[in-house]
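Listed here are the chains, written in short residue letters.
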Amino acid sequence: MYYNYVSDPKNKSVVLPVRQWNWIFPAPFMLISLAFFLINTHKGIGIYPDTTRYMGINEQPYDAPLYAWLVQLPAAFGFDMASAAKVLGLFFVCANVLLICRLLVGAAGKPHHAAIGTALIVLAPQFVTQHSLAMSEPLFLLSLLVVLLTALRYLESGNRLWLVASAVALGLATLTRFTAPPMGAALATCFLLNARRSLARRIADAVLYGSVSGGIFFAWVAISYVSKGHSIGRELAFHGNMGAEKWLSSLGALTAWLLPDEIPFAARVLLLCAVAIAAGTLIYVQAARMLSDPLGANVARRFLPLMLGLFFLFYMAFMVLATSIEANLSLNGRYAFPPYVMTVMAVTIALTEFRHSTGLLKAFHHGLLALAIIVLSSHVARTTVRSLDAYRSGIGFASLEWTNSPTMRAVGELPATALIYSNGPDAIAYVLKRPAVFIPGRFELRTGIENPSDPFERQLSRLKDASEKQRTYIVMFDKVTWRFYRVTESELKQRLSLINVATEPDGRIYEVQPAAGRD
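Description of the structure in this document. (Residues numbered from 1 in each chain as written. Predicted model: local features only at pLDDT ≥ 70, side-chain atom pairs only at ≥ 80, totals over all residues. Heavy atoms only, no water.)

**Some words on the overall build of the chain**
Point 1. Looking only at helices and strands, the chain features 21 helices and 5 strands.
Point 2. A compact globule built from 519 residues should have a C-alpha radius of gyration of about 24 Å, and the chain, at 25 Å, falls within 12% of that.
Point 3. Once the C-alpha set of the chain is aligned to its principal axes, its extents read approximately 90 × 50 × 45 Å.
Point 4. Across the 519 residues of the chain, 54% fall into the buried class.
Point 5. Considering only residue pairs separated by 6 or more positions, the chain has 74% of its internal contacts joining residues 24 or more positions apart.
Point 6. When the accessible surface of the chain is summed, it comes to about 22,600 Å², and 65% of that surface belongs to carbon and sulfur atoms. (Helix = DSSP H or I, 4+ residues; strand = E, 2+ residues; numbered from the N terminus. Rg over C-alpha atoms; globule rule 2.2 N^0.38 Å. Buried < 20%, exposed > 50% of the residue type's maximum accessible area, 1.4 Å probe, protein only. Contact = heavy atoms within 4.5 Å. Areas by Shrake-Rupley, 256 points an atom, 1.4 Å probe, with all protein chains shown as cover.)

If you want it as structure tokens, here you go:
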């Protein structure tokens with residue numbers, strides 16, 4: 001492997017331990033992660049609204065297709081998609097823990113540093129929660145780790161087959177989540193800075209890498225748009241509406257890397273800034289050393305922190321651009337998850353370079369290690385509490401809150417031929433396995449403006465027309481508070497003739513009366 005020290009005579013004494021640790025080291029972390037996965041998915045794999053899009057049981061189509069293809073494939077052979085998603089989740093958690101361990105052991109060299117770094121990742125509440133959901137984040141992380149592994153193989157061997165393999169992995173990562181390009185930009189920059197190759201070779205590598213990975217993505221965009229009239233699901237226009245409150249919320253998502261929300265926000269921000277300065281300094285100094293000594297033996301230790309540091313910078317820049325294009329978008333836990341993993345890996349590797357340093361670098365090294373122990377303790381406590389809650393109650397639409405919902409039970413008693421409108425049709429589709437559609441939308445979530453091809457009044461007229469042809473019901477769940485862009489219950493009462501047929505503790509059901517009335 002690329003991290004084998006055998007090519008460096010000075011490091012021969014550690015060749016055998018590193019090789020052994022590559023296989024022994026991940027075992028306890030994999031067992032712990034498996035235990036947390038099984039505890040969190042006791043009631044079933046977590047189901048979020050976006051999950052129903054991946055499963056094809058939501059009228060809104062999915063965007064990035066790769067995870068959706070994997071989830072829907074078993075259904076073609078008669079298997080339950082939720083069960084298939086849980087099997088996929090089991091594979092993803094094992095694969096991600098294994099690859100993280102192998103990257104850290106190979107690059108850090110010191111097992112105790114690698115152990116702390118791995119624990120900070122796999123015991124983090126974000127890691128455990130994301131792997132307990134039928135969502136695309138675990139596959140995205142796996143794709144990025146494969147991108148890194150194959151890129152490092154190329155940097156070690158010079159064999160362009162590994163370069164192409166890494167580019168293909170990046171193309172697939174982009175088909176998993178559209179936030180993959182920052183990794184491509186980071187690696188292309190590293191290829192250009194790789195003094196082991198001639199300038200012409202470096203430029204050719206970067207061009208080849210971008211051509212292969214970009215070709216995969218844009219080929220899918222073209223095919224999807226031609227065949228389905230839908231691809232990335234976003235307009236290339238500046239609809240962003242990030243205000244001060246949302247920027248502070250995004251900053252709060254980053255502070256969650258370190259400490260829980262119970263700690264005062266100002267204290268969390270100050271700590272985050274201090275960590276950013278210390279970590280950034282270590283990564284910068286380590287990268288400078290790498291560039292000044294490009295022929296060093298351990299390719300992973302020399303290149304990986306630079307790759308991951310650049311990924312963080314490009315990712316944050318990408319998110320700023322994304323928030324200016326898409327309305328109502330902020331850096332929530334889902335978007336903050338990949339940079340958290342990559343940042344911890346980068347800092348872990350960089351720390352091994354400065355364990356014998358003096359002065360400010362020594363202070364940064366010891367300070368970050370001490371903080372890591374504190375953060376790890378917080379991670380374990382938060383992850384344990386959340387996991388026990390998930391064990392008892394479930395996650396998302398698979399939780400008892402939805403499966404035992406009184407309103408959901410009342411919906412199950414409606415006529416089988418009835419047309420159902422709701423603010424939670426995805427929940428109905430998953431829990432009851434019956435179709436439902438969204439109530440009209442006032443404006444589009446991603447643009448913040450009314451849909452010009454299907455304006456609100458047209459949607460409302462379609463609902464009225466439907467009530468003339470078949471029995472039509474409107475189901476309003478109190479738990480659905482995030483769809484502020486859709487018509488409110490009070491507005492529906494004003495615009496339609498509704499009869500309340502059920503009032504439950506968590507929602508209401510109305511029958512829409514046609515203009516001519518119904519016997």
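**Looking at the pattern of salt bridges**
Point 1. For the structure shown, the criterion picks out 20 salt bridges.
Point 2. Here R53 ties to D50 by a salt bridge, and the two come within 3.5 Å at their closest N and O atoms. A residue pair is termed a helical-turn pair when its members lie 3 or 4 positions apart in one helix, as R53 and D50 do in helix 3 (residues 49-54) at 3 residues.
Point 3. On the accessibility criterion, R53 (12% relative accessible area) is buried.
Point 4. The class for D50 is partly exposed, based on a relative accessible area of 25%. (Salt bridge = Lys/Arg side-chain N within 4 Å of Asp/Glu carboxyl O.)

**Here's the deal with helix 5 (residues 81-108)**
Point 1. Spanning 28 residues, helix 5 covers 39 Å between terminal C-alpha atoms, matching the ideal 40 Å at 1.5 Å per step.
Point 2. For helix 5, the buried fraction is high: 22 of the 28 residues fall into the buried class. (Expected span 1.5 Å × (residues − 1).)

**Observations concerning the sheet that holds strand 1 (residues 419-422)**
Point 1. Spatial strand order, 2-1-3-5-4: 5 strands in an open sheet with mixed pairing. The open sheet has two edge strands, strand 2 (437-438) and strand 4 (498-504), and neither has a second partner.
Point 2. Pairing of strand 3 (residues 472-477) with strand 5 (residues 507-512), which is carried by 6 bridges, proceeds in the antiparallel orientation. Note that in strand 5 the partner of I474 across the bridge is Y510.
Point 3. This element, helix 20 (residues 456-469), spans strand 1, strand 3 and strand 5 of the sheet and lies at about 150° to strand 1. (Pairing = 2+ DSSP bridges. Axes fitted to C-alpha atoms, helices over the stretch in contact; angles between N-to-C directions.)

**Description of the packing of aromatic side chains**
Any aromatic ring pair is given by two values, namely how distant the centres are and how the planes are angled relative to each other.
Point 1. This structure, assessed with the given rule, holds 18 aromatic pairs.
Point 2. On the numbers, 6.2 Å between centres and 50° between planes, the contact of F127 with F337 is tilted. Here F337 lies in helix 15 (residues 333-353) and F127 lies in helix 7 (residues 125-131), a separation of 210 residues in the sequence.
Point 3. Residue classification places F127 among the buried positions, given a relative accessible area of 1%.
Point 4. For F337, a relative accessible area of 1% translates into the label buried.
Point 5. A centroid spacing of 5.3 Å and a plane angle of 45° characterise the contact between F311 and Y315, whose relative ring orientation is tilted. Taken together, the residues span about one helical turn, with F311 and Y315 both in helix 14 (residues 299-325) at a distance of 4 residues.
Point 6. F311 sits in the buried class, given a relative accessible area of 0%. (Phe/Tyr/Trp six-rings, centres within 6.5 Å; stacked < 30°, edge-to-face > 60°.)

**As for empty space enclosed by the protein**
Think of a ball as big as a water molecule: rolled over the atoms, this probe shows where empty space is left.
Point 1. Within this structure, the stated rule accounts for 2 cavities of 30 Å³ or more.
Point 2. The space that makes up the largest cavity amounts to roughly 50 Å³.
Point 3. Along its surface, the largest cavity is lined by S33, F36, F37, V93, V122, F127, V128, H131 and S132.
Point 4. Elements that contribute at least two residues to the lining of the largest cavity include exactly helix 2 (26-40) and helix 7.
Point 5. Looking at side-chain class alone, the lining of the largest cavity contains 6 nonpolar, 3 polar and no charged residues.
Point 6. The calculated volume of the second largest cavity comes to roughly 40 Å³. (1 Å grid on protein atoms, 1.4 Å probe; cavity = no way out; pocket = protein on both sides within 12 Å on 5 of 7 lines; lining within 4 Å. Points joined across faces, edges and corners; volume = space filled by probe spheres on them. Nonpolar A, V, L, I, M, F, W, Y, C, P; charged D, E, K, R; others polar.)

**Description of the pairing of strand 1**
Point 1. Of the two faces of strand 1, the one carrying L419 and Y421 and the one carrying I420 and S422 are both buried.
Point 2. Pairing analysis gives 4 bridges linking strand 1 to strand 3, with the strands arranged parallel. Looking at strand 3, one finds that S422 is bridged to V475.
Point 3. Of the pairings in the sheet, the one linking strand 1 to strand 2 comprises 2 bridges and is parallel in character. Across the sheet, the residue bridging to S422 is F438, located in strand 2.
Point 4. Handedness of the strand 1-helix 19 (residues 425-432)-strand 2 crossover: right-handed. (Right-handed = clockwise from strand over helix to strand, strands pointing away.)

**What about the layout of surface pockets?**
Point 1. The space that makes up the second largest pocket amounts to roughly 850 Å³.
Point 2. Forming the walls of the second largest pocket are 39 residues, and the residues nearest its centre are V275, A276, A279, T343 and V347.
Point 3. Mapped onto the lining of the second largest pocket, the elements with two or more residues apiece are helix 6 (111-122), helix 12 (244-255), helix 13 (265-292), helix 14, helix 15 and helix 16 (359-393).
Point 4. The element that contributes the greatest number of residues to the lining of the second largest pocket is helix 13, accounting for 11 residues.

**Here we look at the nonpolar core**
It is characteristic of soluble globular proteins that their nonpolar side chains tend to be buried jointly.
Point 1. Formed by 143 residues in total, the largest nonpolar core has its most connected members in F127, M307 and M342.
Point 2. Of all the elements, helix 5 adds the most residues to this core, at 17 residues. (Core = buried A, V, L, I, M, F, W, Y, C linked by side-chain atoms within 4.5 Å.)

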